[in-house]
Amino acid sequence: MRAQYGAWPYPHVPLLATLPSTHPFELHASWLWDRAGSGPAPTKPRVWIAGCGTFRPYTFAVANPHAEIVAGDLSEPSLAVARRRCTVHGVRNVAFAPLDLDDPSTWPEGRFDVIECYGALTNCADPLATLRSLRARLTPGGVLRLMVYPHWSRQRVFQLQRVARLLGFTAAERSHPARFRAFVKRLPAAHPLRYAFTTYADSRNDTGVVDAFLHGGDRGFTGWQLGALLRDADMTPAFWFHRPWAQPDAMSERLSLRDRSQSEVLAYLDLWQELRGNFVVLARANDAPPRIVQEPTPHPRFYGDDDGLRHRLRLLRLGLVGGTLPSRTGYAAVKLAAADVRALRAGDAPERLRASGLVLGGDHGSRLPTHADWPGEPAFLAHAAGLRTGRRAPNPLYAHLFAAFELAQRCPELRLPDLDGQMGRWLPWADPLEGRPVRFGLTPYGTLQRFRQSVADHLARADLGAAASYADVRLRDDAATLQRVRSLLAAGGEAPAIARDDATLRELAVLLLGHDTLFLSLTPA
Ligand SMILES: C[S@@+](CC[C@H](N)C(=O)[O-])C[C@H]1O[C@@H](n2cnc3c(N)ncnc32)[C@H](O)[C@@H]1O
């Protein structure tokens, strides 16, 4: 990790890129404490950004001009960029210190009211041990904002990582990100891996390609795994930083999963590719004081916290002409009329602004139990990742879609309706991405609309055999197919010139050439 993020400080954002002072309103300590039910945050909160990268310290400083912020990262080059950015923008309330999340003896002293650990825990050798130590650094009422990758929604990224590894692309070679990009862009427009790559915002810059696709130690969590991780770290999820559509309470209602835990509903959303983002959660220690529901009050950046000439001018302008603020949790941007801004600045907390997040207060807690274990999950995951054999075997490129199709049948203890029943529940809510320009393979819902009968036939069949590896199976026209892969690799000249055995070529054939069929012939060798 040190070498990767040392060579490729992440994210790649121009040094002069500025963030308007009202934009990161959802990162204000008072906002975070309110959403988590911790009551009013201290007026000078201590914030620690653990695994901060090059940009986040600036973001937090803009959101929290009164905070004492400590930012740390394993990568000193990332810290240098982050420090330079803060200097360039006149930010003075951030202290920088190198740290290793795997080694608490390197961490900054003291406790923190807010700890931000965004996209870094997934890199740790022992995420639970790190999370426990992070929890021990929270003040009473303190909140941890955690982002981890979702296991199912990130499958396309993991598949692209696998392609890169099989082809021999690595973060150690400066030319490899660009060459990998050129290689993926030669895939047909209808290929889901090409779609996943090109629609990934970070794929346009080499640093982003490394962070997503040439990563040395990436992993995801299912909803259940994340729930268990938090529980084992003696923490409780207090607020999900997801769009309204992906809030567990709303979705448990809409999908008739009423007596389920938050972990289960989120796992289900992730499996059906409807999370449409990463898992981002505000968590509190289990021994934190009980949740508090505050009275409605304007967001401090709009009322009270308005020192700084630039910020006052911005509020003045918004109060005259209104404006738009990006919202992470609301998904759609918040459109503010000038009168709204003037009301907030006058200390009002209008009802109409409650949903926007610009008013603190109200109860944001979940009514669902936080977590209940699902003992069947490890076997289900192992089955989904396995290589099944037969003349109509599930195409491994679509393994995660098959996992969604097979869940109810393989795991009756989850008490899900049959596939048609589940489709009926999804009907008003799901957003099939297919058709732009990918015909199928992006969501289970969209794929099932096209292949309902084939999938039903598949579910009606007896269990298929399994193979341990691609060395133990043969594709239809195996030799000719492997030759097609060799030609594809030779054609563009991007892939490193390394020796590849037949098993590697076979796996590449499935990942690169097998996108137009949901079932494949994978017969035992
Ligand atoms: C995906 S980046 C996220 C950066 C930043 N949190 C953000 O959201 O923009 C992961 C960051 O975690 C850092 N990191 C990885 N392993 C780490 C460790 N063991 N200790 C500290 N930082 C680590 C990397 O150097 C990198 O800056």
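Coordinates for the structure precede this section.
These figures come from a predicted structure and were not determined experimentally.

### A short note on the overall build of the chain
Looking only at helices and strands, the chain has 20 helices and 15 strands in total. Over its C-alpha atoms the chain spans a radius of gyration of 24 Å, differing by no more than 12% from the 24 Å that the globule rule assigns to 525 residues. Seen along its three principal axes, the alpha-carbon backbone of the chain occupies a region of about 70 × 50 × 45 Å. When burial is assessed residue by residue, the chain has 45% of its 525 residues classed as buried. Considering only contacts in the chain between residues 6 or more positions apart, those separated by 24 or more positions represent 75%.

### Section: the sheet that holds strand β6 (residues 235–240)
If you trace the seven strands from one edge of the open sheet to the other, you get β3-β2-β1-β4-β5-β7-β6, paired in mixed fashion. Both outer strands of the open sheet, β3 (94–98) and β6, are each paired with one neighbouring strand and no more. Between one strand axis and the next, the sheet turns through 20° on average, direction left out of account. As paired elements, strand β5 (residues 138–148) and strand β7 (residues 279–285) share six bridges and run antiparallel to each other. Across the sheet, the residue bridging to Met147 is Val280, located in β7. This element, helix α10 (residues 223–232), spans β5, β6 and β7 of the sheet and lies at about 130° to β6.

### A short note on helix α18 (residues 444–460)
With 17 residues, α18 should reach 24 Å at 1.5 Å per residue; the first-to-last C-alpha distance of 18 Å falls well below that figure. Remark: the principal bend of α18, roughly 90°, maps to Phe451.

### Considering the nonpolar core
Across soluble globular proteins, you tend to see nonpolar side chains buried next to one another. One finds Val47, Ala50, Ile69, Ile115 and Leu282 to be the most contacted residues of the largest nonpolar core, which totals 142 residues. Here Leu282 is in contact with Leu32, Arg35, Ala36, Val143, Arg145, Ala238, Phe239 and Phe241, once residues within four sequence places are set aside.

### Observations regarding the pairing of strand β12 (residues 387–394)
By the bridge criterion, three bridges tie β12 to strand β13 (residues 465–467) in an arrangement that is antiparallel. Across the sheet, residue Leu387 finds its bridge partner in β13, namely Ala467. Relative to strand β15 (residues 519–524), β12 runs antiparallel, the two sharing three bridges. Each bridged residue has a counterpart across the sheet, and for Gly390 the counterpart in β15 is Leu522.

### Quick word on the site of the ligand
Close contacts around the ligand come from 23 residues, with Tyr5, Gly51, Gly53, Leu101 and Ala120 the closest. For the shell around the ligand, the per-class residue count stands at twelve nonpolar, six polar and five charged.

### Some details on the packing of α10 against helix α12 (residues 262–271)
Packing of α10 against α12 leaves a shortest axis separation of 7 Å and a crossing angle of 150°. Classed by the angle they form, the pair α10 and α12 counts as roughly antiparallel. Judged by residue contacts, Gly223, Trp224, Leu226 and Gly227 of α10 engage Gln262, Ser263, Glu264, Leu266, Ala267 and Asp270 from α12.

### Observations concerning helix α3 (residues 56–63)
With seven of eight residues buried, α3 is to be regarded as a mostly interior element. When α3 is considered as a whole, its buried residues turn out to be Arg56, Pro57, Tyr58, Phe60, Ala61, Val62 and Ala63. Elements in contact with the buried residues of α3: β1 (46–50), β2 (68–73), α4 (76–88), β3 and β4 (112–118).

### A short note on the environment of Ser356
Of note, Ser356 is situated in the loop between α14 (338–345) and β11 (359–360). Here Ser356 falls in the partly exposed class, since 19 other C-beta atoms lie within 10 Å of it. Each C-alpha atom, one on Ser356 and one on Leu325, is 9.7 Å from the other, the two residues being 31 residues apart in sequence. When neighbours within four sequence positions are excluded, Ser356 is seen to be in contact with Gly330 and Val334.

Definitions and limits used
Residues numbered from 1 in each chain as written. Predicted model: local features only at pLDDT ≥ 70, side-chain atom pairs only at ≥ 80, totals over all residues. Helix = DSSP H or I, 4+ residues; strand = E, 2+ residues; numbered from the N terminus. Rg over C-alpha atoms; globule rule 2.2 N^0.38 Å. Buried ≥ 20, exposed ≤ 12 C-beta atoms within 10 Å, placed from the backbone. Contact = placed C-beta atoms within 7 Å. Pairing = 2+ DSSP bridges. Axes fitted to C-alpha atoms, helices over the stretch in contact; angles between N-to-C directions. Expected span 1.5 Å × (residues − 1). Bend = angle between axes of the 7 residues up to and from the residue. Core = buried A, V, L, I, M, F, W, Y, C linked by C-beta atoms within 7 Å. Near = placed C-beta within 6 Å. Nonpolar A, V, L, I, M, F, W, Y, C, P; charged D, E, K, R; others polar. Parallel < 35°, antiparallel > 145°, perpendicular 65-115°, else oblique.

Everything listed is a geometric property; what it means functionally is a separate question.
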